[in-house]
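# Results of the structural survey
Each chain is listed here by its residues.
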Amino acid sequence: MSFQIRRRTLMLGGLAATGAVAGLASSAHAERELPLVPTRNPLIERRADPFITHPVRGMYYFTGSVPEYDRIVVRGAGTIEGLATAAETVVWRRPAGGRMAGHIWAPELHRIDGRWYIYFAAGDSDDVFRVRMYVLESPLADPRDPSGWVLRGRIETEWDGFSLDATTFEHGRRRYLVWAQSEPEIAVNTSLYIAEMASPFALATKPTRIATPTRGWEIQGFRVNEGPAVIVRNGRVFVTFSASATDSRYCMGLLTADDGADLLDRASWVKNPDPVFVSNEHTRQFGPGHNSFTVTPDGTDLLVYHARDYRDIAGDPLYDPNRHTRVQQLYWHRDGTPLFGVPVGAGGPIVRLTPSDVPRGFLRHSSFVLRVDADVRELADSQFRFVAAADGTETLQSVNYPDRHVTVAGGGVRLEPGPGTAFRRTTRGPGVTLELAGAPGTFLRHDRGIVTTGREMTFLLG
């Protein structure tokens, strides 16, 4: 994926969240100019541990945990947005008793060698937490058809212990399984393991432990590393994972290995010292985690995850049903590492603005003062939304402080609470200009990194 800003098609199907967004979608220039993936938040309510496939013959397929933990569901649509309202099919139900009749957790749907596979975790009727990993297989083209699904059995690992959250990926002509498990000799709830696969339902090698919870952010409530997801980009293999209890302390970490390394060697993996995705009080998104990755039709990477809209939970958070599926763009720094930002709230498409004379720079806020910096790692500080007004003007809303808008006052440009300054956005070649609606001929611009106003300047949208 290129690290240069590029124009993308706006998928207007996701722009129905607010009246302001609807106004934006109806504007003549919105479809031409806004280049990034719109945010529909939540995408699917009451579906945790979400998994969305890459497009298969023009279709996306979704599965995830249901609050009753009693069945596996699949839905499909031609667009990501279409999954929100797509019909849902139950493709497998737990038996009435015995093995696999307990909690059914975290299904994932994978296309391997022309067949579909669902990896899931299941407890037993006499102990719903005696959780092990299992595999379903279907030879049919449509994974929503329940008639094709056959249980292929349990994935046997080194230990007969608590195991869950299996995911699989192919790399270097080898297929791997990554999962979470409780190892008898380690005093934690779960660690992460990897092994090469002999088939889609059996391991070929002994497992290698690649992560165990040791840092403060991994041991809140429970000592957990779980929910791995894999994305291979820019010469590296990245594994995200979730940590701590499933309340607002739930968060995501990141493991990295070179793509030419021996992935079965524990020394190949490096864990980020800090979490990469956490709860955010300002956007009112709590407990983000158990993610997966997919792409738009043009190849833009998307982060799929669940989170709640509130912090406080009555009772055991495991049985709170309101972990909703959410989707937002995954960005990449120039050095090839992922930028996750914050779990964003509801609203329209998110943009980053680059001055035409600083190709590596981004408009961003620092201590609520607007400036332009190169190679910004603080992704959320450089993300904005255009919010349309009835008169055709727009304001610029901060993504990570949605109660604040770009405001021109007293000779400076800041993020301030309230509606902010109204702009008129006009296309100029590959970018746009932002003219102050109350001061014709005066535009938002920068001067040696300081954001100010003055003569016309073009911003690229990315």
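Residues numbered from 1 in each chain as written. Predicted model: local features only at pLDDT ≥ 70, side-chain atom pairs only at ≥ 80, totals over all residues. Heavy atoms only, no water.

### As for the side chain of His306
Here His306 lies in strand E19 (residues 301-308). A distance of 2.9 Å separates a polar atom in the side chain of His306 from the backbone nitrogen of Asp49. Sequence-distant contacts of His306, defined by excluding residues within four places in its chain, comprise Arg47, Ala48, Asp49, Pro50, Tyr250, Gly287, Pro288, Gly289, His290, Arg323 and His324. (Helix = DSSP H or I, 4+ residues; strand = E, 2+ residues; numbered from the N terminus. Polar contact = N/O pair within 3.5 Å; in protein donor to acceptor, adjacent residues only side chain to side chain. Contact = heavy atoms within 4.5 Å.)

### Here's the deal with the nonpolar core
Grouped together as the largest cluster of nonpolar side chains are 27 residues, with contacts concentrated most on Trp105, Phe169, Ile194, Leu255, Leu263 and Trp269. Counting residues per element, the ones that place at least two in this core are strand E5 (104-112), strand E9 (163-171), strand E10 (174-181), strand E11 (191-199), strand E13 (208-211), strand E15 (236-243) and strand E16 (251-258). Top contributing element to this core by residue count: E15, with four residues. Apart from residues lying up to four places away in sequence, Ile194 is in contact with Phe169, Tyr176, Leu177, Val178, Trp179, Lys206, Pro207, Thr208, Ile210, Leu263, Leu264 and Trp269. (Core = buried A, V, L, I, M, F, W, Y, C linked by side-chain atoms within 4.5 Å. Buried < 20%, exposed > 50% of the residue type's maximum accessible area, 1.4 Å probe, protein only.)

### A few points about the sheet that holds strand E18 (residues 286-295)
Overall, antiparallel pairing links the three strands, which are arranged E18-E19-E20 in an open sheet. Lying at the two open borders of the sheet, with one neighbouring strand each, are E18 and strand E20 (324-329). Taking the axes of each pair of neighbouring strands and ignoring which way they run, one obtains an average angle of 30 degrees across the sheet. As defined by bridge partners, E19 adjoins E20 across six bridges and the pair is classed as antiparallel. Its bridge partner being in E20, Leu303 is matched across the sheet by Gln328. (Pairing = 2+ DSSP bridges. Axes fitted to C-alpha atoms, helices over the stretch in contact; angles between N-to-C directions.)

### Points about the pattern of salt bridges
Applying the stated rule across the entire model yields 34 salt bridges. Across the salt bridge formed by Glu68 and Arg71, the nearest N and O atoms sit 3.1 Å from each other. On the basis of relative accessibility, which here comes to 42%, the residue Glu68 falls in the partly exposed class. Here Arg71 falls in the buried class, since its relative accessible area comes to 16%. Arg249 is paired through a salt bridge with Asp247; the nearest N and O atoms lie 2.8 Å apart. The class of Arg249 is partly exposed, set by a relative accessible area of 37%. Put simply, Arg364, Arg371, Asp373, Glu378 and Asp381 are held in one network by salt bridges that share partners. (Salt bridge = Lys/Arg side-chain N within 4 Å of Asp/Glu carboxyl O.)

### Considerations on the packing of aromatic side chains
Inspection of every chain in the model, using the stated rule, returns 15 aromatic pairs. Measuring from centroid to centroid gives 6.4 Å for Tyr69 and Tyr319, while their planes differ by 55 degrees, and the two rings are tilted. Linking Tyr69 in the loop between strand E2 (60-65) and strand E3 (71-77) with Tyr319 in the loop between E19 and E20, this pair joins segments that are 250 residues apart in sequence. Members of the aromatic cluster, connected to one another through ring pairs, are Tyr69, Trp105, Phe129, Phe162 and Tyr319. Note that Arg352 overlies the ring of Phe362, its terminal NZ or CZ placed 3.7 Å from the centroid. Here the guanidinium or amino end of Arg425 rests over the ring plane of Phe386, the centre of that ring lying 4.2 Å away. (Phe/Tyr/Trp six-rings, centres within 6.5 Å; stacked < 30°, edge-to-face > 60°. Lys NZ or Arg CZ within 6 Å of the ring centre and 35° of its normal.)

### What about the sheet that holds strand E7 (residues 127-138)?
Strand pairing in a sheet relies on backbone hydrogen bonds, with the paired strands running either antiparallel or parallel. The strand order E5-E6-E7-E8 describes an open sheet built from four strands, whose pairing is antiparallel. Where the open sheet ends on each side, the last strands, each with one partner, are E5 and strand E8 (150-154). Here the average twist between neighbouring strands, direction ignored, is 25 degrees. In the sheet, E5 pairs with strand E6 (residues 115-124) via seven bridges, with the strands oriented antiparallel. Residue pairing across strands places Ile112 opposite Arg115, the latter belonging to E6.

### A few points about the pairing of E2
Counting buried residues along E2, six of its six residues qualify, which places the element largely inside the surrounding structure. When strand E1 (residues 48-52) meets E2, the two strands line up antiparallel, connected through three bridges. Paired with Ala48 across the two strands is Ser65, which belongs to E2. Here E2 pairs with E3 via three bridges, running antiparallel. Each residue of the ladder has a partner; that of Tyr61, found in E3, is Gly76. Hairpin connection between E2 and E3: a loop of five residues separates the two successive antiparallel strands, and Tyr69 in this loop has a positive phi of roughly 55 degrees.

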